[in-house]
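Given next are the chains, with one letter for each unit.
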Amino acid sequence: MALTIDWAKPEDEAAFRALWQGFLAYYDVDLPETTTAHTWARILDPEHRMSCRLAYLDGKAIGFAIHHHHCSSWVPGDDVYLEDLFVAPSARGQGAGRALIEDLISLGREKGWHRLYWNTNHDNAAARKLYDSFCSDDGHVRYRMPLR
């Protein structure tokens, strides 16, 4: 089986949306269609910082890494935030999650970004096992306040 990673393209929309729905179901979240459409439009907009890498197994999209880079007050360059990482349950255990993170590491080094960071639920043991193989958590606690 051949695992490849590439940028999301317009023709990937149906596959992305199916994976996105799996991601939202995992977190028991229901988003309006307008939000999903807006996210997809941002991903495809070359002027927007939000991007998506898709993992394909034998040509079928099985996972994604949505990320964006931003300036930082802690380093003289940009950081990259891995906002959402998902691999279809039927494709887990085949290295796609690791490959997506390794891809972002390589991409970040190529683009001169300084740090890659992400977060997950404290009880997401499977994800944390993968993440811990890259680095230790940095001890920060996230706070999120809705403004709208």
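Described below are features of the structure shown in this document. Remember, predicted model here, so these are calculated numbers, not experimental data. (Residues numbered from 1 in each chain as written. Predicted model: local features only at pLDDT ≥ 70, side-chain atom pairs only at ≥ 80, totals over all residues. Heavy atoms only, no water.)

**Considerations on the overall build of the protein chain**
In step 1: In terms of helices and strands, the protein chain carries four helices and five strands.
In step 2: Scanning the protein chain from its N terminus toward the C terminus, one meets helices and strands in the order β-α-α-β-β-β-α-β-α.
In step 3: Principal axes of the C-alpha set define a box for the protein chain whose edges measure 40 × 35 × 35 Å.
In step 4: Counting all 148 residues of the protein chain, 37% fall into the buried class.
In step 5: Counting contacts in the protein chain only where the partners sit at least 6 residues apart, residues at least 24 apart contribute 58% of the total.
In step 6: Total accessible area on the protein chain is roughly 9,700 Å²; 53% of this is exposed by carbon and sulfur atoms.
In step 7: The average position of the 16 basic charges and that of the 21 acidic charges among the side chains of the protein chain differ by 3 Å. (Helix = DSSP H or I, 4+ residues; strand = E, 2+ residues; numbered from the N terminus. Buried < 20%, exposed > 50% of the residue type's maximum accessible area, 1.4 Å probe, protein only. Contact = heavy atoms within 4.5 Å. Areas by Shrake-Rupley, 256 points an atom, 1.4 Å probe, with all protein chains shown as cover. Lys, Arg positive; Asp, Glu negative; His and termini not counted. Charge placed at Lys NZ, Arg CZ, Asp CG, Glu CD.)

**What to know about the nonpolar core**
In step 1: Core analysis: the biggest nonpolar cluster contains 17 residues, and Phe-16, Ile-43, Cys-52, Phe-64 and Ile-66 have the highest contact counts within it.
In step 2: Of all the secondary structure elements, the ones that give two or more residues to this core are helix 1 (13–26), helix 2 (33–44), strand 2 (50–57) and strand 3 (60–71).
In step 3: Among the elements that make up this core, the one with the highest residue count is helix 1 (five residues).
In step 4: Aside from chain neighbours lying at most four places away, what touches Ile-66 is Phe-16, Trp-20, Ile-43, Met-50, Ser-51, Cys-52, Tyr-81, Leu-82, Glu-83 and Asp-84.
In step 5: Residues Ala-55, Ile-101, Leu-104 and Trp-118 belong to the second largest nonpolar core, which totals 16 residues. (Core = buried A, V, L, I, M, F, W, Y, C linked by side-chain atoms within 4.5 Å.)

**Here's the deal with helix 3 (residues 96–111)**
In step 1: Its 16 residues place the ends of helix 3 22 Å apart at the C-alpha level, agreeing with the 22 Å of an ideal helix rising 1.5 Å per residue.
In step 2: All buried positions along helix 3 are accounted for by Ala-96, Gly-97, Ala-99, Leu-100, Ile-101, Asp-103, Leu-104, Leu-107 and Gly-108.
In step 3: Positive phi shows up at Gly-112, right after helix 3, with a value of about 80°. (Expected span 1.5 Å × (residues − 1).)

**Focus: the side chain of Ser-72**
In step 1: Looking at where Ser-72 falls in the secondary structure, it is placed in the loop between strand 3 and strand 4 (78–87).
In step 2: Side-chain polar atoms of Ser-72 contact the backbone nitrogen of Trp-74, separated by 3.0 Å.
In step 3: Reaching out from Ser-72, the side chain makes a polar contact with the side chain of Arg-115 at a distance of 3.1 Å.
In step 4: In this view, Ser-72 contacts Gly-77, Asp-79 and Arg-115; residues no more than four positions away in its chain are not counted. (Polar contact = N/O pair within 3.5 Å; in protein donor to acceptor, adjacent residues only side chain to side chain.)

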